[in-house]
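Examination of the molecular architecture
Here is how the chains run, residue by residue.
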Amino acid sequence: MKQVTVLLGTLLSLLLALVVLRTSTVGADRLRPKGYAKTVANLQKFYVEFEQQVSREFHQWKEQGAMSAHFRRLIEASRIGKSERAQEVRELPTAREGPLCAICRGFGGSVLEFRREGASREEVFSTTVELCTMLNLQEESICRGLIELNIDPILYIVDNRPDLTSASLCAVVFQSGACVLDDPTFSSWQVELDANGTPVTASKSGTAQRGPNDLKIVQITDLHFDPNYRTGYNAECGAPACCRESQGIPDDPAAAAGHWGDYRACDTPWNAVEDLIDRVVEDHSDADYVYHTGDIIDHGIWETSIGYNVRSINRVIEKLRQAFPATPVYNILGNHEAHPTNVYELGEISRPDFSTNWLYHLSADLWSHWLPRATQQTIRLGGYYTALVRPGFRIVALNNNDCYTFNWWILYQPDALKGQLQWLHDVLLLAERSGEKVHILAHLPISSDCFSVWQREYRRILERFRDTISAQFHGHTHKDEFNVFYASERPEFAVGVAWNGGSGTAHTNVNPNYVVYYVNPDTYEVTDFESYAYNLTAANLTPDERPDWFRMYSFREEFGVSDLSPAGVDELIQRLGTPAGRSELRRYWEYKVKLADASLANDCTESCLLNHLCEIVTNQADDDRKCQELSETFFD
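- Named according to an unreviewed UniProt entry, the protein chain is Sphingomyelin phosphodiesterase originating from Anopheles farauti.
- Within the UniProt record for the protein chain, the comment given under Catalytic activity (unreviewed entry) is "a sphingomyelin + H2O = phosphocholine + an N-acylsphing-4-enine + H(+)".
- Recorded in UniProt for the protein chain, the comment headed Function (unreviewed entry) runs: "Converts sphingomyelin to ceramide."

**Observations regarding the sheet that holds strand β9 (residues 494-500)**
- Ordered by their spatial adjacency, six strands build an open sheet running β4-β5-β6-β7-β9-β8, and the pairing between neighbours is mixed. One side of each edge strand has no neighbouring strand; the edge strands of this open sheet are β4 (385-390) and β8 (482-486). In this sheet, adjacent strand axes meet at a mean angle of 25° when their direction is disregarded.
- In the sheet, strand β7 (residues 469-474) pairs with β9 via three bridges, with the strands oriented parallel. Bridged to Gln472 within β9 is Ala498.
- Against the sheet, helix α14 (residues 418-434) touches β4, β5 (393-397), β6 (437-441) and β7, its axis set at about 180° to β5.

**Some words on the UniProt feature "binding site: Zn(2+) 1" (unreviewed entry) in the protein chain**
- UniProt marks Asp222, His224, Asp295 and His478 with the feature "binding site: Zn(2+) 1" (unreviewed entry), using the numbering shown here. Taken along the chain, the residues just named run across 257 residues; in space they keep tight, none of their C-alpha pairs more than 10.4 Å apart.
- Excluding anything up to four places from it in sequence, Asp222 contacts Gly294, Asp295, His443, Gly475, His476, His478, Gly502, Ser503, Gly504 and Thr505.
- Polar side-chain contacts of Asp222 include one of 3.4 Å to the side chain of His224.
- Tracing the backbone shows Asp295 in the loop between β2 (289-292) and α11 (306-323).

**Quick notes on the side chain of Arg459**
- Inspection of the secondary structure assignment puts Arg459 in helix α15 (residues 452-464).
- At a separation of 3.2 Å, a polar atom in the side chain of Arg459 contacts the side chain of Asp623.

**Let's talk about the domain arrangement of the protein chain**
- Segmenting the protein chain into domains produces domain 1 (28-186) and domain 2 (215-229 + 267-634).
- Computed from C-alpha coordinates alone, the two centres of domain 1 and domain 2 are separated by 30 Å.
- Taken together, the contacts link 31 residues of domain 1 with 42 residues of domain 2.
- Here domain 1 meets domain 2 over a buried area of about 3,100 Å², counting both sides, of which 64% is carbon and sulfur.
- For the pair domain 1 and domain 2, the number of links is zero salt bridges.
- Inspection of the domain 1/domain 2 interface yields six residue pairs in polar contact (both at pLDDT 80 or more).
- At the level of elements, α8 (140-160) and α9 (166-174) are the ones that each hand at least two residues to the side of domain 1 that touches domain 2.

**So, the sheet that holds strand β12 (residues 550-554)**
- An order of β3-β2-β1-β10-β11-β12 is seen for the six strands of this open sheet, with the pairing classed as mixed. If you trace the sheet from one side to the other, it starts and ends with β3 (329-331) and β12, each paired once. Adjacent strand axes in the sheet meet at a mean angle of 25° when their direction is disregarded.
- Bridge count for strand β11 (residues 526-533) against β12 is four bridges, and the pairing is antiparallel. Across the sheet, Ala533 pairs through a bridge with Phe550, a residue of β12.

**Let's talk about the packing of aromatic side chains**
- Across all of its chains, the model carries 41 aromatic pairs by this definition.
- Seen in terms of ring centroids, Phe406 and Trp408 are 6.1 Å apart; in terms of plane orientation they differ by 80°. Their pairing is edge-to-face.
- Overall, the relative accessible area of 23% leaves Phe406 in the partly exposed class.
- Between Tyr458 and Phe485, the aromatic rings sit 6.3 Å apart at their centres with planes inclined by 50°, giving tilted as the arrangement. On the criterion of sequence distance, the pair formed by Tyr458 in helix α15 and Phe485 in strand β8 is long-range, its members being 27 residues apart.
- On the accessibility criterion, Tyr458 (1% relative accessible area) is buried.
- Across the ring face of Trp61, the terminal group of Lys62 is positioned such that the distance to the ring centre comes to 3.9 Å.
- Over the ring of Phe634 we find Arg582, and its NZ or CZ is 3.8 Å from the ring centre.

**Looking at helix α3 (residues 36-64)**
- Over its 29 residues, α3 extends 41 Å from the first C-alpha to the last, a length consistent with the 42 Å expected when each residue adds 1.5 Å.
- Two residues or fewer past α3, Gly65 is found with a positive phi of approximately 80°.

**Thoughts on the UniProt feature "domain: Saposin B-type" (unreviewed entry) in the protein chain**
- The sites that carry the UniProt feature "domain: Saposin B-type" (unreviewed entry) are, in the present numbering, residues 97-183.
- When the span residues 97-183 is considered, its composition is 74% helix and 0% strand, and the gap between its end C-alpha atoms is 19 Å.

**Quick notes on α14**
- Given a rise of 1.5 Å per residue, 17 residues ought to cover 24 Å, and the 24 Å separating the end C-alpha atoms of α14 matches this to within 8%.
- Taken together, the buried positions of α14 are Gln420, Leu421, Gln422, Trp423, Leu424, His425, Val427, Leu428, Leu429 and Ala431.
- The secondary structure elements touched by the buried residues of α14 are α13 (376-382), β4, β5, β6, α15 and β7.

**Comments concerning the nonpolar core**
- Core analysis: the largest hydrophobic core is formed by 99 residues, its most contacted members being Tyr330, Phe482, Trp499, Phe555 and Ile573.
- In contact with Phe555, other than residues within four places in its own chain, are Phe482, Trp499, Asp528, Phe529, Gly560, Val561, Leu564 and Leu572.
- Ranked by size, the runner-up nonpolar core spans 89 residues in total, among them Val40, Leu74, Val438 and Ala487.

**Quick notes on the state of the cysteines**
- Under the counting rule described, the total for this entry stands at eight disulfides.
- Two residues share a disulfide in this structure: Cys604 and Cys608, whose sulfurs sit 1.9 Å from each other. Negative torsions about the S-S bond denote left-handed disulfides, and the value of about -95° found for Cys604 with Cys608 makes this one left-handed.

**A word on the environment of Ala533**
- Relative to the assigned elements, Ala533 resides in strand β11.
- Residues Ala533 and Lys592, 59 residues apart in the sequence, show an inter-C-alpha distance of 12 Å.
- Among residues more than four places away in sequence, those in contact with Ala533 are Pro512, Asn513, Asp548, Trp549, Phe550 and Met552.

**Focus on the packing of helix α7 (residues 121-134) against α8**
- Taken N-terminus to C-terminus, the directions of α7 and α8 make an angle of 140°; their axes are 9 Å apart at the nearest point. Here α7 lies oblique to α8, going by the angle between them. Of the two possible hands of crossing, α7 and α8 adopt the one that is right-handed. Where α7 abuts α8, its residues Arg121, Val124, Phe125, Thr128, Val129, Cys132 and Thr133 lie against Glu140, Cys143, Arg144, Ile147, Glu148, Ile151, Asp152 and Leu155.
- Residues that form the contact of α7 with α8 fall into these classes: eight nonpolar, two polar and five charged.

**Comments concerning the packing of helix α10 (residues 270-283) against α11**
- Orientation of α10 relative to α11, taken along the N-to-C sense of each, is 25°, at an axis distance of 10 Å. One finds that α10 runs roughly parallel with respect to α11. Both α10 and α11 take part in a crossing whose hand is right-handed. Residue-level inspection shows Trp270, Glu274, Ile277, Asp278 and Val281 of α10 in contact with α11, the latter providing Arg315, Val316, Lys319, Leu320 and Ala323.

Parameters and conventions
Residues numbered from 1 in each chain as written. Predicted model: local features only at pLDDT ≥ 70, side-chain atom pairs only at ≥ 80, totals over all residues. Heavy atoms only, no water. UniProt positions renumbered as here; feature names shortened; annotations may be inferred. Pairing = 2+ DSSP bridges. Helix = DSSP H or I, 4+ residues; strand = E, 2+ residues; numbered from the N terminus. Axes fitted to C-alpha atoms, helices over the stretch in contact; angles between N-to-C directions. Contact = heavy atoms within 4.5 Å. Polar contact = N/O pair within 3.5 Å; in protein donor to acceptor, adjacent residues only side chain to side chain. Domains from an automatic or database assignment. Buried area = accessible area lost by both parts, 1.4 Å probe. Salt bridge = Lys/Arg side-chain N within 4 Å of Asp/Glu carboxyl O. Phe/Tyr/Trp six-rings, centres within 6.5 Å; stacked < 30°, edge-to-face > 60°. Buried < 20%, exposed > 50% of the residue type's maximum accessible area, 1.4 Å probe, protein only. Lys NZ or Arg CZ within 6 Å of the ring centre and 35° of its normal. Expected span 1.5 Å × (residues − 1). Core = buried A, V, L, I, M, F, W, Y, C linked by side-chain atoms within 4.5 Å. Disulfide = S-S within 2.5 Å. Parallel < 35°, antiparallel > 145°, perpendicular 65-115°, else oblique. Left-handed = near helix turned anticlockwise from the far one by under 90°. Nonpolar A, V, L, I, M, F, W, Y, C, P; charged D, E, K, R; others polar.

As C-alpha cells, this is what we get:
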C-alpha cells in the first residue's frame, strides 16, 4: 500500500507541476510558463518510471486474469473528465499536456508491448476496449466501435515498424511540449526547395481596396450532415455526436434537439444543409466561384463505413451540383470523409483494404462536373489537384488531412508526407515562372492539429513563394477566424494570411455560417470578407420558418484595417495585443464563435482572449515566439 501511495504521490506532484507553474504566472494556456522546460525534463524521466509501473501491473493482470488494487488505483488516477472527451487536443490547456502524455505512454506502451509479445487481434481488442472504458476515454459502446474500426491499421503499423516506441507514438498524436519527439525518423525529411527565393526583409504589403470589379467567392465548409439527426432526440448523450435516432427522446425537454440544429455535440440535419446552400444561391447569385472546404460527414466516428460515407458525400455534392450548375465549385476533402475517420493512407502499404482509393476515385468522379480533365490524375492519386481558374489565377486544392496527427499512417512512414508537399512546391514554382497568382485551399489550418514537421515544411514553401500565394482558405475548426504566418528566421515580418470559413454545423456552441470574400481581379488578394450567420436559438423557436440569416460583419469595416495583406493584418494584431485593443479583441472572439448564445453565455476572460490572439499568430506546434511577444504588451 505504501508503494501505491508513493507512486500516486509522485504522479500527482509531477503532473500537477504544470498547473502550479501556470497559476503562478499571468497569461494564457497557450503560453509556456516560467520553469516549463525544467518541468518537462522531469516529466520525461517520470514517464519512463510510470510506463514501467503500468507495464508490471499490466503483465500481472494478463497472467493472473485479474487487476490488482494497485493497477486499479493507477487507472483511477489517470481517468479523464467527461468534458475533455468533447475537446480537440489543441483546445486542452497546457496543464493537461503532461497527464495526457503519461496516460498515453503508460497504458499505450503496455498494449504496444502486449502485441509484440504475441497477443492476438482479439486479445488486443478486448484489452483496449476495457482500458478505454475504465480510463473514461469514451462510453464502452463508443470505445468498442472506435477500436474495431481502427485496430487493423494500427496493428499493421505496430507489426511492421518494430522500432516504433510508445514515446514517439504519443508525441506524434498529442504533439505537445510535454510529449517530446526525439526520433529523427519523423523529422529528418525535407522538401527540396528552389534556391531562387529572396530573403524576407519586410512584411508582405498590399494596397488593394475593395472595388466594384472585385471577384466574389463564397466559402462553405464543415457542413457535417448527419442523416441520423432527429428533432427532439437527446442532445446530451455524452457521445461525440448526439441528437441521433438511436439515442432516444430525453425525459428532460431541455435536452431535446432543435429543428435547425443544436449548440451541443450535434451535427446538421438535412433541412439545415439545404437551407444554407439555398441561401447562398438566393442571396449571392452573382458569386464567381464557390470554395467548399470539406467535412461533409458527421461526428459519428465510431460507426462509419465506406457505404455510409459515400451516401452522405453523394447527397451533398449532388445538392451543390443542382445549386451551382454553372458556377465553378472547388471542393476539397475533410478529415471526416475518410473511413476510418482521419485515416488517410500514406507510404507503401501491402494491404489493399487500407487504401483510400475509394474516396479519391469517388471525389474525382463527383468533382468532375466543375473541374478540367487534367485534375483527374492527382485527385485519383491522393485527393488533391490544381486548376487554372482564369489567365493569371490558379487554385491549388490540397488534401492536407494526411498531416493530421490522428492519421495513424504518419507513424508508419512519416517521410511519405513529403510527396504532396513537393508537388505543391513544384506547382508554385511553375506558377511563379508563369506570372500566376495562387489561392491555396486546405481543410486543416496549418496551425491546427497538423504534424509539426509538416508545418515546418509548409512554412518553408509559403515563405519561398509568398509573392505568388495571394491567399489561403481553411476549415475544420468551425470558427470564424484567421491565421497570420511570420518568417521563420525573421518573425517580425508577416508573410501570409489564411482565412477560415467557419462551419455550416453548430457543433459545438457556434452558429452556422458561410463567408463571402471580395478578391481583387488583378492581384487576387482578399480585399474584404463578410460572414453570414443565423442565431440558432431564434431559429429553433420557429421551426416552421426558415432561419433568419444576417450579415454578421465585414472584416474591413469592423476592424478598420488599411488592407487585408499580411502587413495590414499584422498592424491589427499589434493593436489587439494591447489594453487599448481589448474591446476589439473581444469583438473578434464574439465573431469567432459567430455570436452563438451558448458561447457568449460562457464569456471569455482576459486570459482567454490572449489565447485567441495567440492562436492567430501560432503556426507551428513548437514555435510560440509571437505569442510570447504579444503577451509582453497585453497587460501593460
